[in-house]
Every structure is written in C-alpha cells, then in structure tokens.
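Structural characterization, general
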Amino acid sequence: MKKDIHPDYRKVVFHDTSSDHKFVTRSTIQSEESIDWEDGNTYPLVKIEVSSASHPFYTGKKLYVDAAGRVEKFNRRYKKK
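This section reports on the structure supplied with the text. (Residues numbered from 1 in each chain as written. Predicted model: local features only at pLDDT ≥ 70, side-chain atom pairs only at ≥ 80, totals over all residues. Heavy atoms only, no water.)

1. Some details on the overall build of the protein
A tally of helices and strands in the protein yields 2 helices and 4 strands. When the helices and strands of the protein are read in sequence order from the N terminus, they spell out β-β-β-β-α-α. Among the 81 residues that make up the protein, the fraction classed as buried is 21%. Long-range pairs, those at least 24 residues apart, make up 34% of the contacts in the protein with a sequence separation of at least 6. Summed over all atoms, the accessible surface of the protein reaches about 7,200 Å², with 51% contributed by carbon and sulfur. (Helix = DSSP H or I, 4+ residues; strand = E, 2+ residues; numbered from the N terminus. Buried < 20%, exposed > 50% of the residue type's maximum accessible area, 1.4 Å probe, protein only. Contact = heavy atoms within 4.5 Å. Areas by Shrake-Rupley, 256 points an atom, 1.4 Å probe, with all protein chains shown as cover.)

Set out below in structure tokens:
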C-alpha cells in the first residue's frame, strides 16, 4: 500500500441517541468529540440516530424517528409560492 494516502483506521465509539446504546468499533470517520470508555482509553465519539439497538428490524418494535422533519423541511424550502 502507498503511504500517507489512506485515512486513519482506529477505534471509535458510536452513541445511538434514540436508545442511549454505545458501542466501540473501528472506523475512519472523523469526530470533534471524544469519550472516556470503560477500558480507560479515550476514543472519538460519533452520535447516530439509529443502530441495531433501536432499529425496528432488530428490535421487533415499531419506532418512529423524526430526523429533523426532512420531508417537511424539503416541502417548505421548495414549495411554490
């Protein structure tokens, strides 16, 4: 592999804000926030709205997640006047 062309692949904590579930995995995603994890290390923190802990397919529950009203926002922006 060529040097200095690949993004930094490291451990990152993902926080599912709808179910308050956190998990560590490896990723290249960049984040300004960080968190002290249970193992004593500090990892970058990425907040997400849906994960396997809150997705209806995995939980078997119906869950309504309004992602900032994207459809309404689109309609307001592009509505003919």
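2. Re the environment of Thr-17
Locating Thr-17 in the fold gives a position in the loop between strand S1 (10-16) and strand S2 (21-27). For Thr-17, a relative accessible area of 45% puts it in the partly exposed group. Taking the C-alpha atoms as reference, Thr-17 lies 9.2 Å from Ser-54; in sequence the two are 37 residues apart. When near neighbours in sequence (up to four residues on either side) are disregarded, Thr-17 contacts Lys-47, Ile-48 and Glu-49.

3. A word on the sheet that holds strand S4 (residues 42-48)
Here we have 4 strands laid out as an open sheet, ordered S2-S1-S4-S3, and mixed in their pairing. A single partner strand is all that each edge strand has here, and the edge strands are S2 and strand S3 (34-36). Neighbour-to-neighbour, the strand axes of the sheet open up by a mean angle of 40°, direction not taken into account. (Pairing = 2+ DSSP bridges. Axes fitted to C-alpha atoms, helices over the stretch in contact; angles between N-to-C directions.)

4. Some words on a positive patch on the surface
A surface patch of positive charge is lined by Arg-70, Lys-73, Arg-76 and Arg-77. Mapped onto the elements of the fold, Arg-77 is located in helix H2 (residues 70-78). (Patch = residues over 30% accessible without salt bridge, like charges linked within 9 Å, V, L, I, M, F, W, Y side chains within 5 Å. Salt bridge = Lys/Arg side-chain N within 4 Å of Asp/Glu carboxyl O. Lys, Arg positive; Asp, Glu negative; His and termini not counted. Charge placed at Lys NZ, Arg CZ, Asp CG, Glu CD.)

5. Some details on the side chain of Asp-16
Secondary-structure assignment places Asp-16 in strand S1. The residues contacting Asp-16, other than those within four sequence positions of it, are His-21, Ile-48, Glu-49, Val-50, Ser-51, Ala-53 and Ser-54.

6. Details of the pattern of salt bridges
Inspection of the entire model under this criterion finds 1 salt bridge. Across the salt bridge formed by Lys-47 and Glu-33, the nearest N and O atoms sit 3.6 Å from each other. You can see Lys-47 sitting in strand S4 and its partner Glu-33 sitting in the loop between S2 and S3, a full 14 residues away along the chain. Classification of Lys-47 as partly exposed rests on a relative accessible area of 48%. For Glu-33, a relative accessible area of 40% corresponds to the partly exposed category.

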